[in-house]
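Okay, here's what each chain looks like letter by letter:
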Amino acid sequence: MTYPATTGEFSAAQGPDPRHERSAVIDLDAIRHNVRRLAAAASPAKVMAVVKADAYGHGAVPVARAALQAGASWLGVAHISEALALRAAGIDAPLLAWLHTTDSNFGAAVAAGVDIGCSGWELERIVAAAREQERPARVHLKIDTGLGRNGCTPEDWDRLVGEAVEYQDQGLLRVVGIFSHLAVADEPERPETDQQVAAFREAVAIAEDAGVDPEVRHLANTPATLSRPDTHFDLVRAGLGIYGLSPFDGQTSAELGLRPAMTLRTLVSQCKEVPEGQGVSYGLRYHTSGRTTLALIPLGYADGVPRVATGGPVRVAGKTYPVVGRIAMDQMVIDLGAEHAGEGLPGAEAVLFGDGADAGPTADDWARAAGTINYEIVTRISPRVPRRFINEDDTAGAGAGLAAVHGGAGAA
Ligand SMILES: *Cc1c(COP(=O)(O)O)cnc(C)c1O
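Predicted model, so just to flag it, every value in this text is computed and none were measured. (Residues numbered from 1 in each chain as written. Predicted model: local features only at pLDDT ≥ 70, side-chain atom pairs only at ≥ 80, totals over all residues. Heavy atoms only, no water.)

**Concerning the overall build of the protein**
- Secondary structure summary: the protein contains twelve helices and 19 strands in total.
- By the compact-globule yardstick of 22 Å for 412 residues, the protein fits well, its C-alpha radius of gyration being 24 Å.
- For the protein, the spread of C-alpha atoms along the principal axes amounts to about 80 × 50 × 40 Å.
- Here the protein, with 412 residues, has 53% of them falling under the buried criterion.
- Of all intrachain contacts in the protein linking residues separated by at least 6 positions in sequence, the fraction that spans at least 24 positions is 65%.
- Each charge sign in the protein was given a centre, from 36 positive and 51 negative side chains, and these centres are 4 Å apart. (Helix = DSSP H or I, 4+ residues; strand = E, 2+ residues; numbered from the N terminus. Rg over C-alpha atoms; globule rule 2.2 N^0.38 Å. Buried < 20%, exposed > 50% of the residue type's maximum accessible area, 1.4 Å probe, protein only. Contact = heavy atoms within 4.5 Å. Lys, Arg positive; Asp, Glu negative; His and termini not counted. Charge placed at Lys NZ, Arg CZ, Asp CG, Glu CD.)

Written out as structure tokens, the structure is:
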């Protein structure tokens, strides 16, 4: 199975650019703006740009480069394989991977100078890899301060720290960081964050008493970066905010000074006039209430648009219409109403979500329609949708618009 090319220069000799038919347009200028905004909020703490899951669907390599240009000093991913892909693209910034299995390639991580998160069992694997590579591993010890996912329990922390210090004394590793992850930072009024901060401080004190001298202590995600300065320590790990999305229920991107970086758009595929009572899409869950024009939008759940998100907004020719009937694998339908004959609309741009300017539809609107969160909406846009990167060069408004497009590494 092959998807349209999303990398490299597109040559006109190959015919029409598939990225014009449908694409997730990624504004790297927005990424840089958001990194600067988060860096200002975090200062004097540094920013780790979290680019796991192909940068939440935005394209890991171009986003990582833009984030570093804008002042991020670290990169973070979940998997070692994601880290190795960034290294293979020539990115040599400090880079942490924190989610492993017994089949993770710790040797390759050590060889590539990738920092490795360690919750406990990984330590022996990491040390074996360091011996094999004849190179000290760079380790961040993770304490579970209450989230209940990975991380060492407070009960086992003493022992993990003790073993790590021993290996450090033997020159097999260096404990570069101590970290933990917050559970409810998107609800700033909840008390559990205070408890997690206290537990983190205690874990750091225990490690320092045992002889660990970490470069970076890190706890905050995007919501904590924006709402809880007491969680910043030396480094914040920001994902969602880098992409310009709000982690808070009651606050928009604009209210937080962020610019959504992804626009999901396509072209109207077909328009037709239908009579009253026309059923629409599988299950015939929608029937037109009068003579009207239907427009066919060629994106569906294979492209990552949630099937349950009937009612989600699509903007065509300056007006926003809800999706009617079921969203199918490849397509969905909007009802333009009686007043719009649909003339000239095939080939017009249809935007599902974008930066929200001029009251345009947003990923937040689609999250509401799907009963999920904006994280999931952007991250699940599938590899079938080519990514189109704009404003790759940091020239701040020097005419680097759509005309200057050439894809960076894509989502393939
Ligand atoms: C995904 C992740 C983050 C980033 O969270 P955001 O809410 O997107 O900023 C930070 N730390 C860890 C451990 C993560 O898994």
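**Focus on helix 4 (residues 60-69)**
- For helix 4, a buried count of seven out of ten residues is recorded, marking the element as mostly surrounded by other parts of the structure.
- All of the buried residues in helix 4 are Ala 60, Val 61, Pro 62, Val 63, Ala 64, Ala 66 and Ala 67.
- Backbone geometry just after helix 4 places Gly 71 at a positive phi near 115 degrees.

**A word on the sheet that holds strand 17 (residues 332-337)**
- Spatial strand order, 11-14-17-16-15-18-10-1-19: nine strands in an open sheet with mixed pairing. In this open sheet, the two edge strands, each paired with only one partner strand, are strand 11 (270-274) and strand 19 (387-390). Ignoring strand direction, the axes of neighbouring strands in this sheet form an average angle of 35 degrees.
- The pairing of strand 11 with strand 14 (residues 292-297) spans five bridges and is classified as antiparallel. The residue bridging Lys 272 from the neighbouring strand is Leu 294, located in strand 14.
- With respect to the sheet, helix 2 (residues 28-42) is in contact with strand 1 (22-27) and strand 19, its orientation differing from that of strand 1 by roughly 40 degrees. (Pairing = 2+ DSSP bridges. Axes fitted to C-alpha atoms, helices over the stretch in contact; angles between N-to-C directions.)

**Observations regarding the domain arrangement of the protein**
- Domain parsing of the protein yields domain 1 (28-242) and domain 2 (262-361).
- A straight line from the C-alpha centre of domain 1 to that of domain 2 covers 42 Å. (Domains from an automatic or database assignment.)

**What about the environment of Gln 251?**
- Its location among the elements puts Gln 251 in the loop between strand 9 (235-238) and strand 10 (262-267).
- As for Gln 251 and His 20, which are separated by 231 residues in sequence, their C-alpha atoms are 32 Å apart.
- Discounting chain neighbours no more than four positions away, the residues touching Gln 251 are Ser 246 and Leu 256.

**Quick notes on the pattern of salt bridges**
- By the definition in use, this model includes 17 salt bridges.
- For Asp 194, the salt bridge identified is with Arg 228, shortest N-O distance 2.6 Å. Taken together, the residues span a long stretch of sequence, with Asp 194 in helix 9 (residues 192-209) and Arg 228 in the loop between helix 10 (222-227) and strand 9 at a distance of 34 residues.
- For Asp 194, a relative accessible area of 43% puts it in the partly exposed group.
- With its nearest N and O atoms 3.0 Å apart, the salt bridge here joins Asp 330 to Arg 384. Of this pair, Asp 330 sits in the loop between strand 16 (319-324) and strand 17 while Arg 384 sits in the loop between helix 12 (374-379) and strand 19, placing them 54 residues apart in sequence. (Salt bridge = Lys/Arg side-chain N within 4 Å of Asp/Glu carboxyl O.)

**Looking at unusual backbone geometry**
- In this chain, Ser 43 is followed by Pro 44 through a cis amide linkage whose omega measures 10 degrees.
- Structurally, Pro 44 is set in the loop between helix 2 and strand 2 (46-50).
- Despite not being glycine, Ala 359 has its phi angle at roughly 60 degrees, a positive value.
- Along the chain, Ala 359 falls in the loop between strand 18 (349-353) and helix 11 (363-370).
- In the Ramachandran plot, Asn 391 falls in the positive-phi region, its phi being about 60 degrees despite a non-glycine side chain.
- Looking at the secondary structure, you find Asn 391 in the segment after strand 19.
- Residue Asn 391 is classed as buried on the basis of its relative accessible area, which comes to 17%.

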